[in-house]
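Coordinate inspection notes
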Amino acid sequence: MTAQLINGNELSKSIRAALTQRAATLKTKGLTPGLAVIMVGENPASQVYVRNKVKACEEVGFFSSLDTYPQTISENELLAHIRLLNGDPKIHGILVQLPLPNHINSTRVIESIDPLKDVDGFHISSAGALLKGMPGFWPCTPYGCMKMLDSIDYDLKGKHAVVLGRSDIVGKPMALMLLEQKATVTICHSSTLNLKEITLQADVIVCAVGKRNLLTKDMVKPGAVVIDVGMNRDDQGRLCGDVDFPGVSEVAGFITPVPGGVGPMTITMLLQNTLDSAEKYLCR
Ligand code: NAP
């Protein structure tokens, strides 16, 4: 079997086209969706991510601001800035690019964001809403994975979904979203003993670990759907995922590539959350 590709670039393009339309409609009502991005320090990877997010906002007609602060900014200064953004009517989403320097408490910073503007979905209110199956902002990466499953009309009910990784921003929310669709969910992590035995039972595998070639062909049931969240570098320095793509493509039913898979979908869902927030703002 040769797996069908779930193309994150193509799917993003169609979702972003719809978002552009919705943003244009909002503008006729006098409101431009606005995203504020905050970046502390000069982490090169973070600089690329924030630039991509700001560029994506421009492309769909959103307003965006990028505030960059030196590594030495104090936590109080950062919190004061977030308070200003919380009260700014032009801003409907606030994103603090992680990681933050060690002297700043990331949890305190994230919790200081108005939950109504928490478009990254990392605030405890957003996490609680997801846990309870209530409306709220979903973290963008697992939300993007769910959209990819939607795009192939995959019915998760009764399926066995295996999530590799249990981080607060990917693995755990991913598992909750799959559970909400009535999949039977297994979460694996660094202490899981019999990984292959578990993945071989999976109808859907979401790999969110950060280890190149973690998932190989012999670990995948024929026809399974494989979603690769991982972002790693190969020996030539090229971006790659957690999945041995050529090998797993021979057995899986569907597979997402890296690059061009979950990465663009993550930014797309950030745009979606920001637009949803702006539309709700208009109704308040
Ligand atoms: P993380 O916080 O480092 O979490 C990694 C998880 O993998 C942990 O739960 C860890 O288990 C688990 N793990 C480690 N070794 C394992 C193994 N051998 N088998 C099974 N599980 C294992 O990372 P993250 O933030 O969730 O991100 C995961 C990957 O996704 C990274 O490559 C990251 O760059 C990428 N990512 C991509 C996007 C995107 O937009 N494409 C967005 C976010 C993240 P323990 O908890 O037991 O340590």
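First things first, this report covers the structure right here in the doc.

Thoughts on the pairing of strand E4 (residues 93–96)
- Covered by surrounding structure in E4 are Gly93 and Leu95 together with Ile94 and Val96, the residues of both alternating faces.
- As paired strands, strand E2 (residues 34–40) and E4 are joined by four bridges and run parallel to one another. Looking at the pairing, Leu35 lines up with Gly93 of E4.

A look at the sheet that holds E4
- Within the open sheet, the three strands sit side by side as E3-E2-E4. Their pairing is parallel. Two strands in the sheet have a free side with no partner beyond their single neighbour: strand E3 (63–69) and E4. Direction aside, the axes of adjacent strands within the sheet are offset by 15° on average.
- The pairing of E2 with E3 spans seven bridges and is classified as parallel. Opposite Gly34, over in E3, you have Phe63 as the bridge partner.
- Running over the sheet, helix H2 (residues 44–59) touches E2, E3 and E4 and is turned about 170° from E2.

Examining the packing of H2 against helix H10 (residues 262–283)
- Between H2 and H10, the shortest axis-to-axis distance is 10 Å and the interhelical angle comes to 55°. Looking at the two axes, H2 sits oblique to H10. Crossing geometry of H2 relative to H10 is assigned as right-handed. Here Asn52, Lys53, Ala56 and Cys57 of H2 come into contact with H10, specifically with Ile267, Leu270 and Leu271.
- For the contact of H2 with H10, the class distribution of residues is five nonpolar, one polar and one charged.

Section: the pattern of salt bridges
- Applying the stated rule across the entire model yields 12 salt bridges.
- Residues Lys13 and Glu10 are paired through a salt bridge, measuring 3.7 Å at the closest nitrogen-oxygen approach. Placement of both Lys13 and Glu10 in helix H1 (residues 8–28) is noted, with a separation of three residues, approximately one turn of the helix.
- In this structure Lys13 comes out as exposed when scored by relative accessible area, which is 56%.
- One network of salt bridges, in which partners are shared, links Arg22, Asp276 and Glu279.

Reading the values: rules and limits
- Residues numbered from 1 in each chain as written.
- Predicted model: local features only at pLDDT ≥ 70, side-chain atom pairs only at ≥ 80, totals over all residues.
- Heavy atoms only, no water.
- Buried < 20%, exposed > 50% of the residue type's maximum accessible area, 1.4 Å probe, protein only.
- Helix = DSSP H or I, 4+ residues; strand = E, 2+ residues; numbered from the N terminus.
- Pairing = 2+ DSSP bridges.
- Axes fitted to C-alpha atoms, helices over the stretch in contact; angles between N-to-C directions.
- Contact = heavy atoms within 4.5 Å.
- Parallel < 35°, antiparallel > 145°, perpendicular 65-115°, else oblique.
- Left-handed = near helix turned anticlockwise from the far one by under 90°.
- Nonpolar A, V, L, I, M, F, W, Y, C, P; charged D, E, K, R; others polar.
- Salt bridge = Lys/Arg side-chain N within 4 Å of Asp/Glu carboxyl O.

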